Amino acid sequence: MIGVIYLGDSQNTRERLKYVPGQLVRMTTTYKDAAKLCVPKVRNEHFILFFERNDPNTDVTAITYLKKKCPGVYVILLTDKMTDTERTSYQKCGINDTLDKNASVTELNKKIQFISDREGILFDPVGPKFKILSFKIPLWKRVFDIVFSLLGIIVLSPVFIITAIAIKLESKGPVLFKSKRVGTNYTIFDFLKFRSMYANADKQLKELSKSQNQYINHPDESPKIPTLSIGSEEALENGLVDDNMGAEMLISDDEVMLVGDDFVVSEGDFNKKKNEEIQNAFVKIENDPRVTKVGAFIRKYSIDELPQLFNILRGDMSIVGNRPLPLYEAERLTADDCIDRFMAPAGLTGLWQVEERGKGGDMSAEERKQLDIRYGQTYNFSLDMKIIFRTLTAFVQKENV
């Protein structure tokens, strides 16, 4: 059982907390009164305390007092930007989480629901009974990776040399391309490939991805944004919206409406837009004009991937696993069960690669994510061998995938 308390004097925050679905949020302006409200009335009653940031010194005193009197309270600091010194002070005095002070009703509700769903873990008085989720590569897989990558580097050394010379002869720039990738346990590392594009090609990605990203859905019509019969000015006059709140909300009979200076949009449509961003997280450019002639060849035969044998040798990756993602893709896959793809080995080849080639490159971003998650849940030695065999027999790509 979770109780919600607000400590602060921000009228804007109070108004938003009033509209959190299914929650009666108790309000107070003094930390001693908040401590009294945090006393459990029944067994296993716990409390979430939204603490409005004010003067750091005063806040530290208040939070220290609250954590001492109510050790089971979960303190969420409502704040804007902080200095490193301020952040350290708040952490030491015992805050559990932070949230933007202008968080919407939806964001406040999601935070409450997230904590409520994990009540048995977060409020255990004798300390957590769990370990932070992380993946540790099995010994059999690591030994196989070392042996396979060493043999591969030795056997393919002539290919390394010839490819390096060809790249240098065609265009200026380094032979190897390094990029930051997110792999197992969301670890960031330097990902190695033979350069297959002209120099500074990454700067053109933003423009190309809007029109040529094969993972983006391009609906024929954009959904219309619903509007209210009551205008923004009339809403202000009737006290429904605070004119200092910027883009805030109106409460209609059906749903919350977000109101900006020149727009009104339902919170449902706003969330739909955010979901579309997650769905379109992966970027894959069709017929990419940035690719060199040598680059097109080494991509077709997957030669550009060979330097990743060094990544495997040093433990950044495995032979088989989920492809490590660029930062701009990985940052969109931290919601819901998408994060499960990072609780698995990062690999040179994987389940979705062989499935994608089998489908001629015709695979949605959602299918790709689900295959990554499935591999992480079911991988074993036999499956790895099947994926390696399929990769070796299908490395000549008939499609630009």
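Quantities reported herein were computed from a predicted structural model and do not represent experimental measurements. (Residues numbered from 1 in each chain as written. Predicted model: local features only at pLDDT ≥ 70, side-chain atom pairs only at ≥ 80, totals over all residues. Heavy atoms only, no water.)

*Asks:* I'd like a rundown of the nonpolar core, residues and numbers included.
*Replies:* In this structure, Ile-167, Phe-194, Ile-298, Met-317, Val-320, Tyr-375 and Ile-387 are the most contacted members of the largest nonpolar core, which totals 27 residues. When contributions to this core are tallied by element, the ones reaching two or more residues are α8 (157-170), β7 (188-194), α12 (293-300), α13 (308-313), β11 (318-320), α15 (351-358), α16 (365-378) and α17 (381-393). Dropping the residues within four chain positions of it, Ile-387 is found in contact with Val-320, Thr-349, Gly-350, Leu-351, Val-354 and Tyr-375. Counting residues in hydrophobic clusters, the runner-up holds 19 residues, among them Ala-34, Phe-47, Cys-70 and Cys-93. (Core = buried A, V, L, I, M, F, W, Y, C linked by side-chain atoms within 4.5 Å. Buried < 20%, exposed > 50% of the residue type's maximum accessible area, 1.4 Å probe, protein only. Helix = DSSP H or I, 4+ residues; strand = E, 2+ residues; numbered from the N terminus. Contact = heavy atoms within 4.5 Å.)

*Asks:* So what about a positive patch on the surface? Which residues, and what values?
*Replies:* Taken together, the side chains of Lys-32, Lys-36, Lys-68 and Lys-69 present a region of like positive charge at the surface. Only α2 (31-37) and α3 (56-69) provide two or more residues apiece to the positive patch. For Lys-68, the position within the fold is in helix α3. Residue classification places Lys-68 among the exposed residues on the basis of a relative accessible area of 72%. (Patch = residues over 30% accessible without salt bridge, like charges linked within 9 Å, V, L, I, M, F, W, Y side chains within 5 Å. Areas by Shrake-Rupley, 256 points an atom, 1.4 Å probe, with all protein chains shown as cover. Salt bridge = Lys/Arg side-chain N within 4 Å of Asp/Glu carboxyl O. Lys, Arg positive; Asp, Glu negative; His and termini not counted. Charge placed at Lys NZ, Arg CZ, Asp CG, Glu CD.)

*Asks:* Can you tell me about α12, naming the residues and giving the values?
*Replies:* For α12, the full list of buried residues reads Val-294, Gly-295 and Ile-298. For α12, the arc enclosing every buried residue in end-on projection is 100°, short of the 170-degree limit, so these residues lie on one face. Tucked into the core, α12 has its buried residues touching α8 and β7. Looking at the residues trailing α12, positive phi occurs at Ser-302, about 60°. (Arc of directions from axis to C-beta.)

*Asks:* Quick rundown of unusual backbone geometry? Include the residues and the values.
*Replies:* Its identity as a non-glycine residue notwithstanding, Tyr-186 has a phi of 60°, on the positive side. By the element assignment, Tyr-186 lies in the loop between β6 (176-182) and β7. Even without being glycine, Ser-302 reaches a positive phi, approximately 60°. Within the fold, Ser-302 resides in the loop between α12 and α13. With relative accessibility at 16%, the residue Ser-302 sits in the buried group.

*Asks:* Account for the pattern of salt bridges, naming residues and giving values.
*Replies:* Enumeration over the complete set of coordinates arrives at 12 salt bridges. A salt bridge links Glu-305 to Arg-323, with the nearest nitrogen and oxygen atoms 2.8 Å apart. Linking Glu-305 in the loop between α12 and α13 with Arg-323 in the loop between β11 and β12 (325-326), this pair joins segments that are 18 residues apart in sequence. What makes Arg-323 buried here is its relative accessible area of 9%. Among the charged side chains, a salt-bridge network with shared partners connects Arg-53, Asp-80, Glu-86 and Lys-101.

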